[in-house]
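The lines below spell out each chain.
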Amino acid sequence: MNGLNRVGSFIMAMWPSRSPIPITSVVAVTPSWGIGQSNLVPWQAAGIALPNDMEYFKKCTKETRDPATKNIAVMGRRTWESIPPKRRPLVDRVNIVLSTTLPERVLDPEEFASASWPSLLLEPQVMRSFDQLLDWASDERVRQRLDKIVVVGGASLFEESYFHPWFRTLHLTLVDREFPCDTYLSSSLTKDVERRLNHPQTRRLESHTENGVSYR
């Protein structure tokens, strides 16, 4: 598993009276950059679980610098629907689903600022676009309760967020075995990631093996 830190300077694409919020993403890939099969991660579709990597996912999506804040876990509709109903919304995270077909549900910033965490985390918000999410999350009334945005899928959202000026960290798990896939990261994203994987500032962790599958 690698924490791939974006390097270099960024020009901040800011809205008036808005505070930038850091964007990160968490993704696990096959050697051919596959991320999904039949709306599951490829190894799950093949009946193989990687529980330690799932714990890494939870850590990356839940951990905040200030315990009074929460992270946003943002995903597309298909990713949301791939989560078993009993496990959604993702616990202790502000779940936001981007969809043009589901009924829109967006909390007013004042309501978000004053409500208790248990009530805010009961169900997801539904927004129409990533830009709408960024505009909402960077409102000062919302921003003060949030640590960061964590993108958890799918492919188009990974690409859109990765190339956004507010993007900071990619948490990447490289699975060393191929599995059948019907969803892949885009070539523009993977080419940039491959280039950055060789950068000396990229943090590298040791290999792990679970249920006959090695990954790092």
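Student: When you look at the layout of surface pockets in this model, what are you seeing that I'm missing?
Tutor: Regions of empty space are outlined by a rolling probe, equal in size to a water molecule, passed over the atoms. Empty space within the largest pocket amounts to approximately 1400 Å³. Elements with a contribution of two residues or more to the lining of the largest pocket: β2 (23–29), β3 (34–36), α1 (42–45), α2 (51–62), α3 (77–82), α8 (155–162) and β8 (167–174). The biggest single contributor to the lining of the largest pocket is α2, with 7 residues. Of the residues belonging to the lining of the largest pocket, the class tally is 23 nonpolar, 13 polar and 9 charged. Of the voids in this model, the second largest pocket is the one considered here, and its volume is about 170 Å³. Along the walls of the second largest pocket sit Tyr56, Lys59, Cys60, Glu63, Thr64, Arg65, Asp147, Lys148, His171 and Arg203, which together make up its complete lining. Those elements that provide at least two residues to the lining of the second largest pocket are α2 and β7 (146–151). The leading source of residues in the lining of the second largest pocket is α2, at 3 residues. Of the residues contributing to the lining of the second largest pocket, the split by class is 2 nonpolar, 2 polar and 6 charged.

Student: Just checking my understanding: could you explain α8 for this structure?
Tutor: The α-helix advances 3.6 residues per turn, and as a result positions three or four apart in sequence lie on the same side. The set of residues buried in α8 consists of Leu157, Phe158, Ser161 and Tyr162. Across the axial projection of α8, the buried residues extend over an arc of 125 degrees, all falling on one side.

Student: Would you take a moment to explain the pattern of salt bridges for this structure?
Tutor: Pairs can form between side chains of opposite charge whenever their charged atoms are close. For the structure on display, the rule yields 11 salt bridges. When the shortest N-O distance is used, the salt bridge between Lys58 and Glu55 registers 3.5 Å. In this pair, Lys58 and Glu55 are both assigned in helix α2, 3 residues apart and thus about one turn of the helix distant. The partner of Glu123 in a salt bridge is Arg105, with the nearest N and O atoms 3.6 Å apart. Here the residue Glu123 occupies a position in the loop between α5 (117–120) and β6 (125–127), and Arg105 occupies one in the loop between β5 (94–98) and α4 (109–114), the gap between them amounting to 18 residues. Given a relative accessible area of 41%, Glu123 falls into the partly exposed group.

Student: Is there a simple way to think about the environment of Pro109 in this case?
Tutor: Mapped onto the fold, Pro109 is located in helix α4. Along the primary structure Pro109 and Leu121 are separated by 12 residues, whereas in three dimensions their C-alpha atoms are 15 Å apart. Among residues more than four places away in sequence, those in contact with Pro109 are Trp136, Asp139, Arg141 and Val142.

Student: What should I look at first to understand the environment of Ala45 in this one?
Tutor: Structurally, the position occupied by Ala45 is in helix α1. Take Ala45: its relative accessible area is 36%, and that puts it in the partly exposed class. Here Ala45 is in contact with Gln37 and Leu40, once residues within four sequence places are set aside.

Student: Honestly, the nonpolar core in this entry has me stumped. Any pointers?
Tutor: The tendency in soluble globular proteins is for nonpolar side chains to be buried side by side. Ranked by internal contacts, the top residues of the largest apolar core, which has 39 residues, are Ile72 and Leu133. In terms of residue count, helix α6 (residues 130–137) provides more of this core than any other element does, 5 residues in total. Residues in contact with Ile72, not counting those within four places in the same chain, are Val94, Ile96, Leu133, Trp136, Ala137, Leu146, Lys148, Ile149 and Val150. Counting residues in each nonpolar core, the second largest holds 13 residues, with Val26, Tyr56, Val97 and Val152 among its members.

Student: Explanation requested: unusual backbone geometry in the structure shown.
Tutor: Here the residue pair Arg88 and Pro89 is connected by a cis peptide bond, since its omega of 0 degrees sits within 30 degrees of zero. Within the fold, Pro89 resides in the loop between α3 and β5. Note that the residue after Gly153, namely Gly154, is joined by a cis bond; omega there is 5 degrees. Of note, Gly154 is situated in the loop between β7 and α8. Even without being a glycine, Asp92 presents a positive backbone phi close to 65 degrees. Along the chain, the position of Asp92 falls in the loop between α3 and β5. On the basis of relative accessible area, Asp92 is assigned to the partly exposed category, the value being 32%.

About the cut-offs
Residues numbered from 1 in each chain as written. Predicted model: local features only at pLDDT ≥ 70, side-chain atom pairs only at ≥ 80, totals over all residues. Heavy atoms only, no water. 1 Å grid on protein atoms, 1.4 Å probe; cavity = no way out; pocket = protein on both sides within 12 Å on 5 of 7 lines; lining within 4 Å. Points joined across faces, edges and corners; volume = space filled by probe spheres on them. Helix = DSSP H or I, 4+ residues; strand = E, 2+ residues; numbered from the N terminus. Nonpolar A, V, L, I, M, F, W, Y, C, P; charged D, E, K, R; others polar. Buried < 20%, exposed > 50% of the residue type's maximum accessible area, 1.4 Å probe, protein only. Arc of directions from axis to C-beta. Salt bridge = Lys/Arg side-chain N within 4 Å of Asp/Glu carboxyl O. Contact = heavy atoms within 4.5 Å. Core = buried A, V, L, I, M, F, W, Y, C linked by side-chain atoms within 4.5 Å.

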